[in-house]
Amino acid sequence: MRISLNWLRELVDVAISPEELAETLTMAGFEVEEIEDRRPWADGVVLGKIVACEQHPNADKLRVCQVDVGKSEALNIVCGAPNARADIYVPVAVVGTFLSTIDLKIKPAKLRGVPSEGMICSLAELGLSKESAGIHIFELENPELGSDIRPLLGLDDVILDLTATANRADALSMVGVAREVAALTGASLRIPEANNVAIAGEASVNLAVEISEPQGCPIYICTEISGVKIAPSPAWLQQRLQAAGVRPISNVVDVTNYILLEWGQPLHAFDRDRLQSFTGTSDISIGVRFAKPGESFKTLDGQNRNLQAQNLLITASDKPVALAGVMGGEDTEVHEGTENLVLEAAIFDQATIRRSARAQGLRSEASIRYERGVNQAALTTACDRAVALILELAGGAATVQKTASSGEDLSFSRSLELRLDRVNLVLGQLKRGETGGSAYLEPAEVKNILTALGCEVTATEKERVFAIAIPPYRYRDLEREIDLIEEVARLHGYDNFCDTLPSETEPGYLSPEYAQIRNVRSAFRAAGLTELMHYSLVKTEGENQVVLANPLFVEYSALRTEMLSGLIDAFQYNLEQGNGALNGFEVGRIFWKDGDAKKEADAVAGIIGGDPTVWKWQQGGRDRPLTWFEAKGVLESVFQQLGLAVEYAGDSSNPRLHPGRTAALSIPPYPPLEKGEKKRLGIFGQLHPQLQQEKGLPEQVYVFQLDLAVLLDELGRSTNSTRKFAAYSSFPASDRDIAFFAPVEVPVVEMAGAMKKAGGSLLDSVELFDEYRGDNVPAGQRSLAFRLIYRSGDRTLSESDVEPAQQKVRDILVEKFGVSLRS
């Protein structure tokens, strides 16, 4: 919020410099992002009067003006403004003046042969507007020529651009900031009072208020003002609005904006006659309800809004006339011909306004304040002050005022207990320095701080315990004892407390689980995959998705149930952008619904595809598809680095993957579970050719998704957590080949596992080196050839050592799998 120092000084005595005030507010939690000192903008610019204005003899668009600036002789100034004429009061930059906003120093000059001794200024040249059609003309009574024009234009001011934290809604008003400055500096506070306004005709039946949604709108005040005259606001009001970054419009609208800035209470003025024309009735019934399906209306920004169910509306005879707490409607806005008003002052629920504004993608100064929570106790004061200002500036009379409320307790009072021992325990010792005194805050100091904040502090029967009555404007903010302790620390000054370190410190370390996640990431990166990151939010498509109640966009309306879709889209996008194949992986979380329960889990997923070769001159420049075994080799290298033994088995359950080139990944449990039972790790396979064609991807693209919990559980085992060195055998190996016909449906991994188990400790490795299907192979079978390596660490193996083990391998193959041995 932009804070005018001149305006602030009317509410509180500020004796310190703007820089000191900015530092004080920043240290108290209200960051001042910028100090805009306007005083140098017009330093040296004085008030002058054009006493004569003649056409330039050598230029059609220039005029030669004689300007009286209170000196013995008038200044001769050449001016090109089309509105320059005699007998007007203007700002004059005399010779030697530096206009900082346009980086121009005024010097004596000759323009087309005529001497010029200064410059008559426009508002743009003084930094008050971006563009100006001509010089600025003052409307003054009894002006003092030669006087400083800065007080006339509000350029004797300093603007502080202040940012308040989300919990301090009271700081979005001049009164709230004034209270804070008074508490921080001990200065006197002057809160503007509302003049009592006489309301005539309260029993009129022409205006009624009815709240259909008391939870969304606990209180609504409607005031009818007749006989107003719309005109520009006085200079003081326009200057205050401009200093706050608000564009002046008219006296009535400017008053509502002024009260918004002063009290933080949004108001809205309707044209009474337009309301009657819009509703087609002379009796106006103002209502508050949520939008109905298919409703729409045009807001003040000229946009036609399609309303949604969460939009809270202000209605007239059940027709929408405003988005409650956000923006009014164009059909009922105040205009130049307005004579009768209906002024709205209301309290709206924070969450309701937040949902309503977000549903329309619309945020206004009013909605920002309602979302944070306005001071409900000041509603009547702000309304009465607005009515009084409108009557003062626009004339007319307040004829009717109607109030509707939910009937709930609107006292906004709260009392908390504050233990002084708890204050000192949380905040610690003070830096007393040479002044001496207690090392901790004294009861009187705590009482003075809280009293300065507007709290009522009284002693209780308990020793060193205060009863604190919270002021209404801090009702939403101060809810617990710790909130009061924070206020004591903030007002006393965080830098006035001692810096203490823990007596015993420990070096930081990663948790075992997170360290393993780092190892997993490192292993996939080492295999040549790029780590990717995607949003967890996706479109609503599946039945078991967790759907958001208030999504920002339709594309992000649900949580993902798997990670492959995002990887496939990223692969496609990179190809379309000419970046080549994207080989990457992602560690993330997936979500799903199991009945009424919502569940989540961590997963690792990846995508591999494209031509793995760098130079393609041996292939005639053509791409070579990645084979299933090459893609599997990438995964195998990761598992090998992590020390995992992973088994593969055919799987055709995923419709997006090739039914003949998809494997379910599993890990043998440790300790062993029931016979044949394994821990499911995930899935790996080639994209279905139909999906590949739809996406325009290369011939063979492979994806995988692993259960991170299973992976970490396996890595966390004692056998995997610490790598152990195993000595190499210095004795030669003895290899044996075995070939046989085996049924096609028997997985190779099961046969290899059985051979390793049968071979015992001497069998070092089992490797498949040939597979054949075709002529001379029985139907439904395939020819497989394995190489078995036998090795011992303490001797050279003889035939008598190897042959018994080899025979056990043959026997287990025949007995368990029914193979036909060929060798």
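Residues numbered from 1 in each chain as written. Predicted model: local features only at pLDDT ≥ 70, side-chain atom pairs only at ≥ 80, totals over all residues. Heavy atoms only, no water.

### Section: the overall build of the chain
The helix and strand inventory of the chain stands at 21 helices and 39 strands. On C-alpha atoms alone, the chain measures out to a radius of gyration of 41 Å, which is more than a quarter above the 28 Å that the 2.2 N^0.38 rule sets for 823 residues. Dimensions of the chain, computed from the C-alpha atoms along their principal axes, are close to 130 × 85 × 70 Å. Looking at the chain alone, contacts between residues at least 24 apart form 67% of all its contacts between residues at least 6 apart. Total accessible area on the chain stands at roughly 42,400 Å², and carbon and sulfur atoms take up 48% of it. Averaging the locations of the 83 positively and 114 negatively charged side chains of the chain gives two centres separated by 5 Å. (Helix = DSSP H or I, 4+ residues; strand = E, 2+ residues; numbered from the N terminus. Rg over C-alpha atoms; globule rule 2.2 N^0.38 Å. Contact = heavy atoms within 4.5 Å. Areas by Shrake-Rupley, 256 points an atom, 1.4 Å probe, with all protein chains shown as cover. Lys, Arg positive; Asp, Glu negative; His and termini not counted. Charge placed at Lys NZ, Arg CZ, Asp CG, Glu CD.)

### Focus on the pattern of salt bridges
Tallied over the full model, the rule gives 46 salt bridges. Linking Asp477 and Arg474 is a salt bridge whose minimum nitrogen-to-oxygen distance equals 2.3 Å. When its relative accessible area of 12% is taken as the criterion, Asp477 is described as buried. For Arg474, a relative accessible area of 2% puts it in the buried group. Across the pair Arg656 and Glu562 runs a salt bridge, and its minimum N-O distance is 3.1 Å. Residue Arg656 is located in the loop between strand 32 (647-650) and strand 33 (657-667), and its partner Glu562 is located in the loop between strand 29 (558-559) and helix 15 (564-576); the two are separated by 94 residues in the primary sequence. Among the residues examined, Arg656 registers a relative accessible area of 25% and is labelled partly exposed. On the basis of relative accessibility, which here comes to 22%, the residue Glu562 falls in the partly exposed class. One continuous salt-bridge network, built from bridges that share partners, spans Arg168, Asp170, Glu180, Arg474, Asp477, Glu487 and Arg490. (Salt bridge = Lys/Arg side-chain N within 4 Å of Asp/Glu carboxyl O. Buried < 20%, exposed > 50% of the residue type's maximum accessible area, 1.4 Å probe, protein only.)

### Notes on the packing of aromatic side chains
Counted by the stated rule, this structure contains 11 aromatic pairs. With a centroid separation of 6.2 Å and 25° between ring planes, the pair formed by Phe684 and Tyr702 is classed as stacked. Of this pair, Phe684 sits in strand 34 (residues 679-687) while Tyr702 sits in strand 35 (residues 701-707), and the two are 18 residues apart along the sequence. Judged on exposure class, the residue Phe684 and its partner Tyr702 are both buried. An aromatic cluster of three or more residues is present, and its members are Trp628, Phe629, Phe684 and Tyr702. (Phe/Tyr/Trp six-rings, centres within 6.5 Å; stacked < 30°, edge-to-face > 60°.)

### A look at the nonpolar core
Counting residues in hydrophobic clusters, the biggest one holds 91 residues, and the most contacted among them are Leu8, Tyr220, Ile259, Ile286, Ile314, Phe348 and Ile390. Per-element accounting of this core gives the leading share, 8 residues, to helix 10 (residues 379-394). Core analysis: the second largest hydrophobic core is formed by 33 residues, Leu529, Val604, Tyr648 and Ile667 among them. (Core = buried A, V, L, I, M, F, W, Y, C linked by side-chain atoms within 4.5 Å.)

### Observations concerning the sheet that holds strand 31 (residues 597-609)
With mixed pairing, 7 strands are arranged side by side in an open sheet as 27-30-31-35-34-33-32. Of all the strands in the sheet, just strand 27 (530-531) and strand 32 have a single pairing partner and so form its edges. In this sheet, strand 31 lies alongside strand 30 (residues 584-594) in antiparallel orientation, the contact comprising 11 bridges. For Lys593, the partnering residue across the bridge sits in strand 31 and is Lys598. Packed onto the sheet, helix 16 (residues 628-642) meets strand 31, strand 32, strand 33, strand 34 and strand 35 and runs at close to 150° relative to strand 34. Each of strand 30, strand 31, strand 33, strand 34 and strand 35 is contacted by helix 18 (residues 708-715), which is oriented at about 125° to strand 34, the strand it contacts most. (Pairing = 2+ DSSP bridges. Axes fitted to C-alpha atoms, helices over the stretch in contact; angles between N-to-C directions.)

### Focus: the sheet that holds strand 11 (residues 118-120)
The strand order across the open sheet formed by 5 strands is 5-4-3-6-11, and the pairing between neighbours is antiparallel. Unpaired on one side and paired on the other, strand 5 (75-79) and strand 11 mark the two borders of the sheet. On average, adjacent strands in this sheet sit at an angle of 45° to one another, irrespective of strand direction.

### What to know about the state of the cysteines
Tallied over the full model, the rule gives 0 disulfides. Take Cys222: it sits in no disulfide, and the sulfur closest to it among the cysteines is that of Cys383, at 9.1 Å. (Disulfide = S-S within 2.5 Å.)

### Here's the deal with a nonpolar patch on the surface
On the surface, Tyr535, Leu552, Phe553 and Tyr556 cluster together into a nonpolar patch covering about 490 Å² of accessible area. Note that Tyr535 resides in the loop between strand 27 and strand 28 (537-538). (Patch = residues over 30% accessible without salt bridge, like charges linked within 9 Å, V, L, I, M, F, W, Y side chains within 5 Å.)

### Re helix 10
If you check helix 10, its first and last C-alpha atoms are 22 Å apart, about what 16 residues at 1.5 Å a residue would give, namely 22 Å. Among the residues making up helix 10, those that are buried are Leu379, Ala382, Cys383, Arg385, Ala386, Val387, Ala388, Leu389, Ile390 and Ala394. Immediately downstream of helix 10, the backbone of Gly395 shows phi near 75°, a positive value. (Expected span 1.5 Å × (residues − 1).)

### Considering the environment of Gly29
When you line up the elements, Gly29 lands in the loop between helix 2 (18-27) and strand 2 (31-37). Along the sequence, Gly29 and Gln641 sit 612 residues apart, while their C-alpha atoms lie 51 Å from each other. Setting aside residues no more than four positions away along its own chain, Gly29 makes contact with Thr163 and Thr165.

### A look at unusual backbone geometry
Even without glycine at this site, Asp87 takes up a positive phi of about 65°. Along the chain, Asp87 turns up in the loop between strand 5 and strand 6 (88-94). Located in the positive-phi region is Ser317, a residue other than glycine, with phi close to 50°. Assignment of secondary structure puts Ser317 in the loop between strand 19 (312-316) and strand 20 (319-323).

### Thoughts on helix 12 (residues 443-452)
Where helix 12 is concerned, the buried positions are Val446, Ile449 and Leu450. Taken end-on, helix 12 shows its buried residues confined to a sector of 90°, consistent with a single buried face. Residues of helix 12 that are buried in the fold lie against strand 24 (414-419), helix 11 (420-427), strand 25 (456-459), strand 26 (465-470) and helix 13 (481-492). Trailing helix 12 by a residue or two, Gly454 shows a phi angle of about 100°, which is positive. (Arc of directions from axis to C-beta.)

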